[in-house]
Amino acid sequence: MIEIEHLTKRYGKKTAVDDLTFSVKPGVVTGFLGPNGAGKSTTMRAIVGLDAPTSGLARVNGKHYSEFRSPLTEVGALLEAKSVHAGRSAYNHLLALARTHGIPKRRVREVIDLVGLHDVAGKRVGGFSLGMGQRLGIAVALLGDPAVLILDEPVNGLDPDGVKWIRLLLKGLAAEGRTVFLSSHLMSELAQTAEHLVVIGQGRLLADTTVEDFVSGNGESRVRVVSPEAAQLAELLAGPGVSISSPEKGVLEVSGTEAAVVGQTAAAHGLVLHELRTDRGSLEDAFMQLTADAVEYRQSMEGANR
Amino acid sequence: MTAAVMTDRPTAYTPPGDYKLSAAGLLRSEWTKLWSLRSTWIVLLCAVVFSAGLGALIAGSIPDDQAVGGAETAIGASMSGVALASVFVAVLAILTVTGEYSTGSIRSTMTAAPKRLGVLFAKAAVYGAVVGVLFTVMVFITFFLTQALFGDNGLGGLSLSDDGVLQALLGYGAMIVYLALLALGIGAILRNSAGSIGFYIGVIMILPQLATLLPWNWVSDVTPYAPGNVANTITLVDPSGQALGVGESWLWMGIWLVVTYGLAGLLLKRRDV
Ligand SMILES: Nc1ncnc2c1ncn2[C@@H]1O[C@H](COP(=O)(O)OP(=O)(O)O)[C@@H](O)[C@H]1O
Ligand SMILES: [Mg+2]
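Residues numbered from 1 in each chain as written. Chains lettered and ligands numbered in written order. Predicted model: local features only at pLDDT ≥ 70, side-chain atom pairs only at ≥ 80, totals over all residues. Heavy atoms only, no water.

## Quick notes on the site of ligand 1
All names here are of chain A.
- Every residue near ligand 1 is listed here: Tyr-11, Lys-14, Ala-16, Pro-35, Asn-36, Gly-37, Ala-38, Gly-39, Lys-40, Ser-41, Thr-42 and Arg-45.
- Between Gly-37 and ligand 1, the recorded distance is 2.6 Å, taken from a backbone N or O atom to an oxygen atom.
- Gly-39 places a main-chain nitrogen or oxygen 2.9 Å from an oxygen atom of ligand 1.
- For ligand 1, the accessible surface in isolation is 560 Å², of which the surrounding protein chains cover 65%. (Near = heavy atom within 4 Å. Polar contact = N/O pair within 3.5 Å; in protein donor to acceptor, adjacent residues only side chain to side chain. Areas by Shrake-Rupley, 256 points an atom, 1.4 Å probe, with all protein chains shown as cover.)

## Quick word on the sheet that holds strand 13 (residues 275–279) of chain A
All names here are of chain A.
- One open sheet holds the four strands; their spatial order is 11-12-10-13, and the pairing between them is antiparallel. Whereas interior strands pair on both sides, the edge strands pair on one side only; in this sheet they are strand 11 (243–245) and strand 13. Each adjacent strand pair in this sheet contributes to an overall mean axis angle of 20°, direction not counted.
- Here strand 10 (residues 222–226) pairs with strand 12 (residues 251–255) via five bridges, running antiparallel. Looking across to strand 12, one finds that Val-226 is bridged to Val-251.
- Running over the sheet, helix 9 (residues 230–237) touches strand 10, strand 11 and strand 12 and is turned about 15° from strand 12.
- Helix 10 (residues 259–268) contacts strand 10 and strand 13 of the sheet and is inclined by roughly 160° relative to strand 13. (Pairing = 2+ DSSP bridges. Helix = DSSP H or I, 4+ residues; strand = E, 2+ residues; numbered from the N terminus. Axes fitted to C-alpha atoms, helices over the stretch in contact; angles between N-to-C directions. Contact = heavy atoms within 4.5 Å.)

## Describing the confidence of the model for chain B
Residues and elements named next belong to chain B.
- In the predicted model, chain B carries a mean pLDDT of 89, and the fraction of residues at 70 or more is 94%.
- Within chain B, helix 1 (residues 2–8) has the poorest average pLDDT of any element, 46, and helix 2 (residues 23–35) the best, 97.
- In the model, residues 1–7 has pLDDT below 50 throughout and makes two contacts with residues more than four positions away in sequence or in other chains.
- Interface confidence in the predicted complex, given as ipTM, is 0.90; pTM for the same model is 0.85. (pLDDT = per-residue confidence, 0-100.)

## Remarks on a positive patch on the surface
- A grouping of Lys63(A), Arg69(A), Lys20(B), Lys115(B) and Lys269(B) is seen on the molecular surface, where their side chains present a positively charged patch.
- Structurally, Lys20(B) can be placed in the loop between helix 1 and helix 2.
- For Lys20(B), a relative accessible area of 32% puts it in the partly exposed group. (Patch = residues over 30% accessible without salt bridge, like charges linked within 9 Å, V, L, I, M, F, W, Y side chains within 5 Å. Salt bridge = Lys/Arg side-chain N within 4 Å of Asp/Glu carboxyl O. Lys, Arg positive; Asp, Glu negative; His and termini not counted. Charge placed at Lys NZ, Arg CZ, Asp CG, Glu CD. Buried < 20%, exposed > 50% of the residue type's maximum accessible area, 1.4 Å probe, protein only.)

## Examining the packing of aromatic side chains
Residue and element names in this part refer to chain B.
- A full pass over the atoms with the stated rule returns eleven aromatic pairs over all chains.
- With a centroid separation of 5.4 Å and 55° between ring planes, the pair formed by Phe-50 and Phe-88 is classed as tilted. Pair noted here: Phe-50 is in helix 3 (residues 38–61) and Phe-88 is in helix 5 (residues 80–103), with a separation of 38 residues, a long-range link.
- Overall, Phe-50 belongs to the partly exposed group, its relative accessible area being 31%.
- Relative accessible area serves as the criterion here: at 29%, Phe-88 is assigned to the partly exposed category. (Phe/Tyr/Trp six-rings, centres within 6.5 Å; stacked < 30°, edge-to-face > 60°.)

Okay, structure coming up:
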């Protein structure tokens with residue numbers, strides 16, 4: 001369980017996180033979505049105590065992170081920026097961290113195998129690709145077998161196999177009852193992994209909901225009708241709150257009503273339908289719609305400052 | 001579907017209880033970090049070769065009929081390499097901290113030890129101990145080597161049991177440890193490699209020497225108390241007549257370390273990583 005309460009973080013005049021309140025529950029994968037610069041990484045750094053909040057607080061399982069007697073077994077974190085000395089081998093990086101907690105070498109080798117770095121564990125991290133660095137970061141996060149996992153853009157730089165692998169891994173970890181919180185600036189990366197979603201823009205909370213509700217609640221849903229008697233149907237459907245367009249002859253796109261209403265109307269008047277379908281806005285659309293305001297706001301502010 | 005997922009949701013996972021963050025763990029971690037970097041081996045090897053090498057070179061180049069003599073001159077000449085090697089040791093001390101900031105590994109370090117201060121003290125303890133052991137050994141090796149090379153001139157023939165010799169040799173070892181700890185603390189305050197090395201060499205090493213050239217008398221009254229100078233007395237065979245006595249020398253080393261680590265600790269707690 002991660003609890004963020006009225007968290008605000010300013011860097012000089014720049015407000016990176018603005019009065020953010022939400023919680024992340026165990027047992028499901030929670031996605032943390034927001035465009036670049038929204039404040040995701042800042043929030044995550046605040047959770048593990050690297051950045052001190054300007055006001056408000058971040059707690060894990062009821063405690064401030066620094067109060068834990070064994071932080072690595074409570075929270076495993078993959079942070080966005082590089083957090084490894086380039087001159088050290090992957091094995092020694094993990095070993096140095098393991099030793100702080102008395103975690104045995106056996107566990108170090110275990111996580112190395114788990115993330116698939118066995119063959120390069122003795123090599124200096126400086127020569128690692130982005131994907132290998134990401135795998136090492138995941139190994140670090142898993143080292144203490146923690147109850148809470150915080151992963152900042154973990155998919156970044158991973159190949160398609162790696163992406164599939166991490167999805168299964170995270171879902172499995174959540175199914176064991178762990179709290180899994182991962183960020184991304186792309187809805188598509190979270191759609192297949194996360195069940196719950198916290199969306200921020202400009203450091204402010206935009207949505208805290210299930211992926212399902214997020215899409216149906218914000219995505220534009222339209223009814224698409226194909227009918228030889230489209231023009232007649234359009235007249236019958238017209239009313240307040242309903243907008244109808246016809247992208248091509250015999251096809252209607254109706255919003256502001258539901259497929260059931262369209263079907264009943266057609267039946268009542270004996271009109272023939274060839275197709276009747278509800279088009280949900282995609283997850284990405286929904287996200288775009290939610291963040292568009294925030295992004296526009298920033299752009300206009302930047303424009304004004306210039 | 002959603003309802004099923006809700007009821008199937010497992011109870012919260014409990015982490016394994018047998019791992020604990022500890023002071024001993026932090027020390028072992030810093031030991032691993034120190035020796036797992038190639039730069040440590042290279043710099044310490046250079047420092048060791050330099051200590052004995054420069055001493056031997058100087059000792060070997062003094063002709064037998066040279067009119068110089070005395071234990072003070074002999075030890076000073078023998079240990080000139082050791083004194084210069086302290087610069088290598090100080091630079092490596094700085095890098096053990098600033099290297100973590102420049103590479104970002106400090107974020108891993110501080111997530112493992114979020115109280116932070118333990119990391120600073122573990123770093124200082126491990127590095128101080130390594131330097132202390134290594135250079136105490138080097139000081140004695142260099143002493144015996146140079147004594148053998150001095151031969152028949154007035155600098156040879158010293159023994160450890162001669163007045164003040166053992167004390168001066170141990171003083172060199174202690175001075176190097178003090179300077180290493182001072183440099184490490186400066187690295188923790190400034191966090192930046194170039195800035196810290198520049199500060200150490202410019203402000204700690206060179207500035208007090210330059211200041212004595214100034215025409216005001218009070219400057220030479222103050223310079224013995226400068227952080228880079230307070231250890232000088234303990235390296236002398238005969239420390240009488242120095243601005244700082246042996247006891248004061250130790251006291252001021254303590255004062256400067258407390259000031260440096262007090263500030264470093266305060267900033268470490270306050271600043272974002
Ligand atoms: N250490 C810092 N100093 C100054 N500004 C920062 C710092 N870290 C982040 N910011 C700013 O705060 C905002 C949020 O950044 P970040 O948390 O990295 O966003 P995200 O991870 O969502 O892309 C950005 O505008 C960024 O420039
Ligand atoms: Mg980020």
